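# Understanding the architecture of this molecule
Letter by letter, the chains look like this.
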Amino acid sequence: DAGVIQSPRHEVTEMGQEVTLRCKPISGHNSLFWYRQTMMRGLELLIYFNNNVPIDDSGMPEDRFSAKMPNASFSTLKIQPSEPRDSAVYFCASWRFGVGYGYTFGSGTRLTVV
Amino acid sequence: DQQVKQNSPSLSVQEGRISILNCDYTNSMFDYFLWYKKYPAEGPTFLISISSIKDKNEDGRFTVFLNKSAKHLSLHIVPSQPGDSAVYFCAASSISSGSARQLTFGSGTQLTVLP
């Protein structure tokens, strides 16, 4: 298995632009999570999906953030418009119900908003 | 309010000695605890875990201890090796909506093992 695949690995954009981060979970995993890592807050959960349905988006910082999971093999996290304070590493993780307790993480997308 | 806290942002240890990383939590609903290791430019990877019904779990050089009354867990690495240098995240698990398990992470501790 190729693991959780995120793209792009790095994204540099100007303030005000739209940014879309992509994630392909491990086949057969039915939960998908978006996390953001910053120096101040560590790893914080933004939103998670169970069987493609958004369950908890209370961690999404503002209405500028939105996430979708149109099918079991693809999810996007969109920021529109982007701001410099959104600069962080964004991780996607997936998990299969009943198989262990830990998630499998992707390699992350490093977002820089200038 | 942070439910999982790692109060030491960094730790330096000499090669061959013991590394002890600490973690505190506040939510009594957590029933499983995990440690993840993260190298630069990579995602966190699972290292070791412990159920709330146990107080110790060992895997090779890594041992996790859980003190439920104190709501405290620690990760011991013996002996420490330079390749162990990474950021270590403590995580706590609880059942969430839709039967998914939600992981709450601490802010991480950067471990540096000096040769």
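In short, a report on the structure. (Residues numbered from 1 in each chain as written. Chains lettered and ligands numbered in written order. Predicted model: local features only at pLDDT ≥ 70, side-chain atom pairs only at ≥ 80, totals over all residues. Heavy atoms only, no water.)

## Concerning the sheet that holds strand β8 (residues 72-77) of chain B
Residues and elements named next belong to chain B.
- Taken in spatial order, the 5 strands of this open sheet run β1-β3-β8-β7-β6, and their pairing is antiparallel. In this open sheet, the two strands that pair with only one neighbour each are β1 (4-5) and β6 (56-59).
- Two elements, strand β3 (residues 19-25) and β8, share 6 bridges in a ladder whose sense is antiparallel. Bridge pairing in β8 places Cys23 opposite Leu73. (Pairing = 2+ DSSP bridges. Helix = DSSP H or I, 4+ residues; strand = E, 2+ residues; numbered from the N terminus.)

## Digging into the sheet that holds strand β3 (residues 19-24) of chain A
All names here are of chain A.
- Strand order across the open sheet formed by 4 strands is β1-β3-β8-β7, with antiparallel pairing between neighbours. The strands lining the two open edges of the sheet, one partner per strand, are β1 (5-7) and β7 (65-71). Pairwise comparison of adjacent strand axes, ignoring direction, gives a mean angle of 15° for this sheet. (Axes fitted to C-alpha atoms, helices over the stretch in contact; angles between N-to-C directions.)

## A closer look at a nonpolar patch on the surface
Residue and element names in this part refer to chain B.
- Together, Ile18, Ile20 and Val78 make up a nonpolar patch on the protein surface, roughly 220 Å² of accessible area in all.
- With respect to the element layout, Val78 can be found in the loop between β8 and β9 (86-95).
- With a relative accessible area of 39%, Val78 lands in the partly exposed category. (Patch = residues over 30% accessible without salt bridge, like charges linked within 9 Å, V, L, I, M, F, W, Y side chains within 5 Å. Areas by Shrake-Rupley, 256 points an atom, 1.4 Å probe, with all protein chains shown as cover. Salt bridge = Lys/Arg side-chain N within 4 Å of Asp/Glu carboxyl O. Buried < 20%, exposed > 50% of the residue type's maximum accessible area, 1.4 Å probe, protein only.)

## Some points on the interface of chain B and chain A
- Taken together, the contact between chain B and chain A spans 21 residues of the former and 21 residues of the latter.
- Broken down residue by residue, the surface that chain B buries against chain A is led by B:Pro44, B:Arg101 and B:Phe105, which jointly contribute 27%.
- One can count 0 salt bridges joining chain B with chain A.
- Our count for the chain B to chain A interface comes out at 4 residue pairs in polar contact (both at pLDDT 80 or more).
- Looking at the side of chain B that touches chain A, the elements that each hand over two or more residues are β4 (32-38), β9 and β10 (101-105) of chain B. (Contact = heavy atoms within 4.5 Å. Buried area = accessible area lost by both parts, 1.4 Å probe. Polar contact = N/O pair within 3.5 Å; in protein donor to acceptor, adjacent residues only side chain to side chain.)

## What to know about the nonpolar core
- Ranked by size, the top nonpolar core spans 23 residues in total, and within it B:Phe33, B:Trp35, B:Leu73, B:Leu75 and B:Tyr88 carry the most contacts.
- Those elements giving two or more residues to this core turn out to be β3, β4, β5 (45-51), β7 (62-67), β8, β9 and β11 (109-114) of chain B.
- Considering each element in turn, this core owes the most residues, 4 residues, to β9(B).
- The residues contacting B:Leu75, other than those within four sequence positions of it, are B:Ser19, B:Ile20, B:Leu21, B:Trp35, B:Leu47, B:Ile48, B:Phe62, B:Thr63 and B:Tyr88.
- Judged by nonpolar contacts, the second largest core, of 21 residues, contains A:Val19, A:Phe65, A:Leu77 and A:Tyr90. (Core = buried A, V, L, I, M, F, W, Y, C linked by side-chain atoms within 4.5 Å.)

## So, the packing of aromatic side chains
- Scanning all chains against the criterion turns up 15 aromatic pairs over all chains.
- Ring geometry for B:Phe30 and B:Phe33: centres 6.4 Å apart, planes at 75°, overall edge-to-face. Take B:Phe30 and B:Phe33: they sit in the same class, and that class is buried.
- Measuring from centroid to centroid gives 6.1 Å for B:Tyr36 and B:Phe46, while their planes differ by 75°, and the two rings are edge-to-face. Of the two residues, B:Tyr36 is situated in strand β4 and B:Phe46 in strand β5; the sequence distance between them amounts to 10 residues.
- B:Phe46 sits in the partly exposed class, given a relative accessible area of 44%.
- Counting every residue linked through ring pairs, the aromatic cluster contains A:Phe33, A:Tyr35, A:Tyr48, A:Phe91, A:Tyr103, A:Phe105, B:Tyr36, B:Phe46, B:Phe89 and B:Phe105. (Phe/Tyr/Trp six-rings, centres within 6.5 Å; stacked < 30°, edge-to-face > 60°.)

## Observations concerning the state of the cysteines
- Following the criterion strictly, the structure yields 2 disulfides over all chains and no others.
- Through a disulfide, A:Cys23 is tied to A:Cys92; the S-S separation comes to 1.9 Å. Judged by the torsion about the S-S bond (-65°), the A:Cys23/A:Cys92 disulfide is left-handed. Taken as a pair, A:Cys23 in strand β3 and A:Cys92 in strand β9 (residues 88-95) lie far apart in primary sequence, 69 residues in all.
- The disulfide that involves B:Cys23 links it to B:Cys90, with 2.0 Å between the sulfurs. For the disulfide bridge between B:Cys23 and B:Cys90, the dihedral angle about the S-S bond is near -75°, and by the sign convention the bridge is left-handed. (Disulfide = S-S within 2.5 Å.)

So yeah, pure geometry; function would need other evidence.
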